[in-house]
Amino acid sequence: MALIVSLPIGTPPQTQQMVLDTGSQLSWIQCKKKVKPPTTSSFDPSLSSSFSVLPCNHPICKPRVPDFTLPTSCDQNRLCHYSYFYADGTLAEGNLIREKFTFSSTQSTPPLILGCARDSSDAEGILGMNNGRLSFASQAKISKFSYCTPLRQNRKIIPPTGGFYLGQNPTAHTFQYVNLLTFLETQRMPNFDPLAFTLPMVGLRLETRKLNVSASVFRPNAGGAGQTIIDSGSEFTYLVDEAYARVRSEIVKLVGPKLKKGYVYEGVLDMCFDGDAIEIGRSIGELVFEFDKGVEIVIEKERVLADVGGGVHCIGIGRSDSLGIASNIIGNVHQQNYWVEYDLANRRVGFGKADCSRSAL
């Protein structure tokens, strides 16, 4: 499940579908010359008067200090080529360009640096929203944004709709906020993502049982391992071994005989079940992510299992190891029916319970 927003890009605007990703920096779109009749929703640069390419001698392409978060090089046309690897191993590559987002006749951004992918297999582009200087939020000087992830409707044909705000959310007065953890630029740690949104997570509960996991497991250690990231671009949640083992042993204790033996969904989820998901969920109880200041994300027992198709339901938590990372990631499966606000100006994240299917009305 991806959170897809439709944004108007270029002059005149062409609507582009982009995956909202608070875990990555570079925004990019699919660039292809339109054919008649148009077969894709890709962006045709030749139809936009505000489109320009980034030349090789641009400082972003030839930084004085190598920028490892965005590898760039010169291609044979003397254009700036980028290649961007995501945590799940997928690659996005193309040329860096400048283009504006036009929201209305009076509201548009200046030309922003984006990627223009010509041969990506993905149908949508990416709206990169992390703390990097090239993210959409940074370049467009957005002080806050929020989204509301709707419940997935048992993988029905018509995808559910949620909500997305750039700027002030009218229901923000109901949100509970936690301050983001910040680290010095000089603290270069091998397992640490300095551009991610790092939450002050302190523990996990299943119903009233607080799991015996030290709060330090959710904080970065000297090497950066243990960072807890909130990521709209990750479908599932991932926990480092110590936390994952505690969750799994508790699940085995509660519903062990009902576990689907030897089954792993997409190589990452191994706490899966056949049978009545509601009944199994009631046996497990609600799942609670605990943060500083008593702020919580509560997953009700009826929703503790995610429908992965074929009558199989899984707890949407995998081992970080399966992605080859040493961080905890809170994915969008555990952000459903919450407004999540990223208040960039005040370095905090807010949570507000909501019926997200109504948030778009």
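Look above for the structure.
Description of the structure in this document. Remember, predicted model here, so these are calculated numbers, not experimental data. (Residues numbered from 1 in each chain as written. Predicted model: local features only at pLDDT ≥ 70, side-chain atom pairs only at ≥ 80, totals over all residues. Heavy atoms only, no water.)

Describing the state of the cysteines
Covalent bonding between the sulfur atoms of two cysteines is what defines a disulfide.
Item 1. Applying the stated criterion to the full structure yields five disulfides.
Item 2. The residue that forms a disulfide with Cys 148 is Cys 356, at a sulfur-sulfur distance of 2.0 Å. Looking down the S-S bond of the Cys 148 and Cys 356 bridge, the torsion is -75°, so its handedness is left-handed. Taken together, the residues span a long stretch of sequence, with Cys 148 in strand E10 (residues 144-148) and Cys 356 in the segment after strand E25 (348-353) at a distance of 208 residues. No difference in accessibility class separates Cys 148 from Cys 356, as the two residues are buried.
Item 3. With a sulfur-sulfur separation of 2.0 Å, Cys 272 is cross-linked through a disulfide to Cys 314. The S-S bond linking Cys 272 to Cys 314 shows a torsion near 105°; that makes this disulfide right-handed. Of this pair, Cys 272 sits in strand E17 (residues 272-273) while Cys 314 sits in strand E21 (residues 312-315), placing them 42 residues apart in sequence. In terms of burial, Cys 272 and Cys 314 fall into one category: buried.
Item 4. Numbered by position along the chain, the disulfide-linked cysteines of the chain connect as 1-6, 2-4, 3-5, 7-10, 8-9. (Disulfide = S-S within 2.5 Å. Helix = DSSP H or I, 4+ residues; strand = E, 2+ residues; numbered from the N terminus. Buried < 20%, exposed > 50% of the residue type's maximum accessible area, 1.4 Å probe, protein only.)

As for the pattern of salt bridges
Item 1. On inspection of all chains with the given rule, the structure shows 17 salt bridges.
Item 2. In this structure, Glu 290 and Lys 210 form a salt bridge, with 2.5 Å as the shortest nitrogen-oxygen distance. Of this pair, Glu 290 sits in strand E18 (residues 287-291) while Lys 210 sits in strand E14 (residues 209-210), placing them 80 residues apart in sequence.
Item 3. Taking the shortest distance from any N to any O, the salt bridge between Glu 279 and Lys 258 comes out at 3.4 Å. Of this pair, Glu 279 sits in helix H3 (residues 277-284) while Lys 258 sits in the loop between helix H2 (241-255) and E17, placing them 21 residues apart in sequence.
Item 4. Note on Glu 279: relative accessible area 43%, which makes it partly exposed.
Item 5. Ionic contacts of the salt-bridge type, sharing partners, join the residues Arg 205, Lys 210, Glu 290 and Glu 296 into one network. (Salt bridge = Lys/Arg side-chain N within 4 Å of Asp/Glu carboxyl O.)

With respect to the packing of aromatic side chains
Item 1. All told, the structure shown has nine aromatic pairs when counted by the stated rule.
Item 2. Ring geometry for Tyr 147 and Tyr 342: centres 5.7 Å apart, planes at 35°, overall tilted. Here Tyr 147 is found in strand E10, whereas its partner Tyr 342 is found in strand E24 (residues 338-343), with 195 residues between them in sequence. You'll find Tyr 147 and Tyr 342 in the same group, each marked buried.
Item 3. Measuring from ring centre to ring centre gives 5.5 Å for Tyr 165 and Trp 339, while their planes differ by 50°; the resulting arrangement is tilted. (Phe/Tyr/Trp six-rings, centres within 6.5 Å; stacked < 30°, edge-to-face > 60°.)

Some details on unusual backbone geometry
Item 1. Along the chain, Thr 11 connects to Pro 12 via a cis peptide bond; the corresponding omega equals -5°.
Item 2. By the secondary structure assignment, Pro 12 is in the loop between strand E1 (4-9) and strand E2 (14-21).
Item 3. Although it is not a glycine, Arg 78 adopts a positive phi angle of roughly 60°.
Item 4. Secondary-structure assignment places Arg 78 in the loop between strand E5 (72-74) and strand E6 (80-85).
Item 5. A residue is classified by how much of its surface remains accessible, and Arg 78, at 53% relative accessible area, is exposed.
Item 6. One non-glycine residue with positive phi stands out, namely Asn 337, at about 60°.
Item 7. Looking at the element boundaries, Asn 337 is found in the loop between strand E23 (328-330) and E24.
Item 8. Since its relative accessible area comes to 15%, Asn 337 is described here as buried.

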